[in-house]
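If you want the building blocks of each chain, they are given just below.
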Amino acid sequence: MLENSNATANIAVKDLARAKAFYEGTLGLKQVDDMGGELIVYKSGDTFINVYHSQFAGTNKATAVTWTVGDQIETVVKSLKSKGVAFEHYEMPGLTIEGDVHVGQGMKVAWFKDPDGNILNLVSQ
């Protein structure tokens, strides 16, 4: 039923101006729409990310968005780190941590948070 439909990620934030600075300035996403100062739509590859104002921002304790960056993962991590992004380190079975990148099971993964604590990640696959 939905297998041929695109999906859009939705990220709740408390402060849209602060989120805008992070998603545009730090991550380099391009804004494609602004809906009344309550929702900003960003283009990321062939998909979209809705960043919207919510009192429940940062309450999700799971990964909200994943970017597949292939063999550029170390380069992207280094670039984001130079912009002040702090990477998360998790103890996970089958994965070892090399710098800020978790490695194992044929993939590399790095997790970080936006200013509201939403968990975002990069994956090599």
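The rules behind the values
- Residues numbered from 1 in each chain as written.
- Predicted model: local features only at pLDDT ≥ 70, side-chain atom pairs only at ≥ 80, totals over all residues.
- Heavy atoms only, no water.
- Phe/Tyr/Trp six-rings, centres within 6.5 Å; stacked < 30°, edge-to-face > 60°.
- Helix = DSSP H or I, 4+ residues; strand = E, 2+ residues; numbered from the N terminus.
- Buried < 20%, exposed > 50% of the residue type's maximum accessible area, 1.4 Å probe, protein only.
- Salt bridge = Lys/Arg side-chain N within 4 Å of Asp/Glu carboxyl O.
- Core = buried A, V, L, I, M, F, W, Y, C linked by side-chain atoms within 4.5 Å.
- Pairing = 2+ DSSP bridges.
- UniProt positions renumbered as here; feature names shortened; annotations may be inferred.

- As annotated in an unreviewed UniProt entry, the protein carries the name VOC family protein and comes from Mesorhizobium opportunistum.

## A few points about the packing of aromatic side chains
- For the structure on display, the rule yields 5 aromatic pairs.
- Centre to centre, the rings of Tyr90 and Trp111 are 5.4 Å apart; their planes meet at 80°, and the pair counts as edge-to-face. Of this pair, Tyr90 sits in the loop between strand S6 (87–88) and strand S7 (96–98) while Trp111 sits in strand S9 (residues 107–113), and the two are 21 residues apart along the sequence.
- Exposure remark for Tyr90: the relative accessible area of 26% places this residue in the partly exposed category.
- Accessibility expressed as a relative area gives 10% for Trp111, which makes it buried.
- Taken together through their ring pairs, the aromatic side chains of Phe22, Tyr23 and Tyr42 make up a single cluster.

## Let's talk about the pattern of salt bridges
- Here the structure, examined in full by the defined rule, presents 5 salt bridges.
- The residue Asp116 makes a salt bridge to Arg18 at a minimum N-O spacing of 2.9 Å. Here Arg18 lies in helix H1 (residues 16–26) and Asp116 lies in the loop between S9 and strand S10 (119–123), a separation of 98 residues in the sequence.
- Two residues, Lys81 and Asp100, come together in a salt bridge whose shortest N-O distance is 2.6 Å. Of this pair, Lys81 sits in helix H2 (residues 73–82) while Asp100 sits in the loop between S7 and strand S8 (101–104); the two residues are 19 residues apart in sequence, bridging distant segments of the chain.

## With respect to the nonpolar core
- Ranked by internal contacts, the top residues of the largest apolar core, which has 25 residues, are Tyr23, Leu27, Trp67, Phe112 and Leu120.
- Of the residues forming this core, the biggest block, 4 residues, is contributed by H1.

## Some thoughts on the pairing of strand S4 (residues 47–53)
- With 5 bridges connecting them, strand S1 (residues 9–13) and S4 associate as parallel partners. Note on S4: the bridge partner recorded for Ala9 is Ile49.
- Where strand S3 (residues 39–44) and S4 come together, 6 bridges link them in antiparallel fashion. Directly across from Val41, in S4, lies its bridge partner Asn50.
- The antiparallel pairing of S3 with S4 creates a hairpin that spans 2 residues between the two strands, and Gly45 there sits at a positive phi of about 65°.

## Observations regarding the UniProt feature "domain: VOC" (unreviewed entry) in the protein
- Mapped onto the present numbering, the UniProt feature "domain: VOC" (unreviewed entry) falls at residues 5–125.
- Annotation note: span residues 5–125, helix share 17%, strand share 42%, distance between end C-alpha atoms 21 Å.

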